[in-house]
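# Structure at a glance
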Amino acid sequence: MVNLHITRWWIGASLISVLAGFPVSATEPEDELKSATVLSFIRHSEWLQGVATGPITIGVMGRPSIIRVLRTLDGKLANNRVIRIVDAKASADLNSCQVVYVATDNNNEVRQALADLRASHALTIGESDRFLEYGGAVNLLFVDGHISFEVSLVAVDRAGVSISSTLLRYGQVKARPPV
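Residues numbered from 1 in each chain as written. Predicted model: local features only at pLDDT ≥ 70, side-chain atom pairs only at ≥ 80, totals over all residues. Heavy atoms only, no water.

## Looking at the nonpolar core
- Core analysis: the largest hydrophobic core is formed by 32 residues, its most contacted members being Val 38, Ile 42, Ile 58, Tyr 101, Leu 123, Val 138 and Ile 163.
- Ranked by residue count, the leading element in this core is helix H2 (residues 29–43), at four residues.
- Setting aside its immediate chain neighbours within four residues, Tyr 101 contacts Lys 34, Val 38, Gly 59, Val 60, Met 61, Ile 66, Leu 70, Ile 125, Glu 127 and Leu 140. (Core = buried A, V, L, I, M, F, W, Y, C linked by side-chain atoms within 4.5 Å. Buried < 20%, exposed > 50% of the residue type's maximum accessible area, 1.4 Å probe, protein only. Helix = DSSP H or I, 4+ residues; strand = E, 2+ residues; numbered from the N terminus. Contact = heavy atoms within 4.5 Å.)

The following block contains the structure:
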């Protein structure tokens, strides 16, 4: 029981320290929080498919402002791996990425990007209201001025990624559909 409380405290403290380490600009504070949340997901995830060494590549498509903010992660370490940011102009550029951030609320763009990524083993993160419905794994939300997230376990499993249950408890987890 004590170990569980200590683990919770460390996860909470590490999330707070990650969020505190990001300067919040007056123009895009939400993007800064999204970037910190992406880093938390990377640090609390394990890729079960492929090589567990080398850089963790985050492909970003969509809004230029989020691409600029996510570039602050470039060169940081997560699980002893360097993070690389790739500005993807097309979904073909994303095939070698371990994480793909889709920064658009255009449902047609979201649907197409996720359809193109189905065969890859990328953890998909987005911010559209139908992101999980279209097959995305993690959807970032703002609720009452705070960042939150929802996760599709089906999409996470399809990507071959294991996300720490300690992190998942802070969001809304969508369970598997009935078989």
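## Digging into the confidence of the model for the protein chain
- Per-residue pLDDT for the protein chain has a mean of 82; in total, 78% of the residues score no lower than 70.
- The spread of mean pLDDT over the elements of the protein chain runs between helix H1 (residues 2–20), the lowest at 47, and strand S6 (residues 123–126), the highest at 95.
- Segment residues 1–10: pLDDT under 50, and four contacts once partners within four positions in sequence are set aside and those in other chains are kept.
- In this model residues 16–27 is a low-confidence stretch, pLDDT under 50, and it forms 17 contacts with partners more than four residues away in sequence or in other chains. (pLDDT = per-residue confidence, 0-100.)

## Side note on unusual backbone geometry
- A positive phi angle, close to 55°, is found at Asn 79, a residue other than glycine.
- Mapped onto the elements, Asn 79 comes out in the loop between strand S3 (77–78) and strand S4 (81–87).
- For Asn 79, a relative accessible area of 40% corresponds to the partly exposed category.

## A few points about the pattern of salt bridges
- According to the stated counting rule, one finds five salt bridges in the structure shown.
- The partner of Lys 34 in a salt bridge is Glu 127, with the nearest N and O atoms 3.2 Å apart. Here Lys 34 is found in helix H2, whereas its partner Glu 127 is found in the loop between S6 and strand S7 (138–143), with 93 residues between them in sequence. Each member of the pair, Lys 34 as well as Glu 127, carries the same accessibility label: buried.
- Note that Arg 63 is salt-bridged to Glu 127, the shortest N-O span being 2.7 Å. Within this pair, whereas Arg 63 is found in the loop between strand S2 (56–62) and helix H3 (64–70), its partner Glu 127 is found in the loop between S6 and S7, the two being separated by 64 residues in sequence.
- A cluster of three or more residues bridged by salt bridges with shared partners is formed by Asp 31, Lys 34, Arg 63 and Glu 127. (Salt bridge = Lys/Arg side-chain N within 4 Å of Asp/Glu carboxyl O.)

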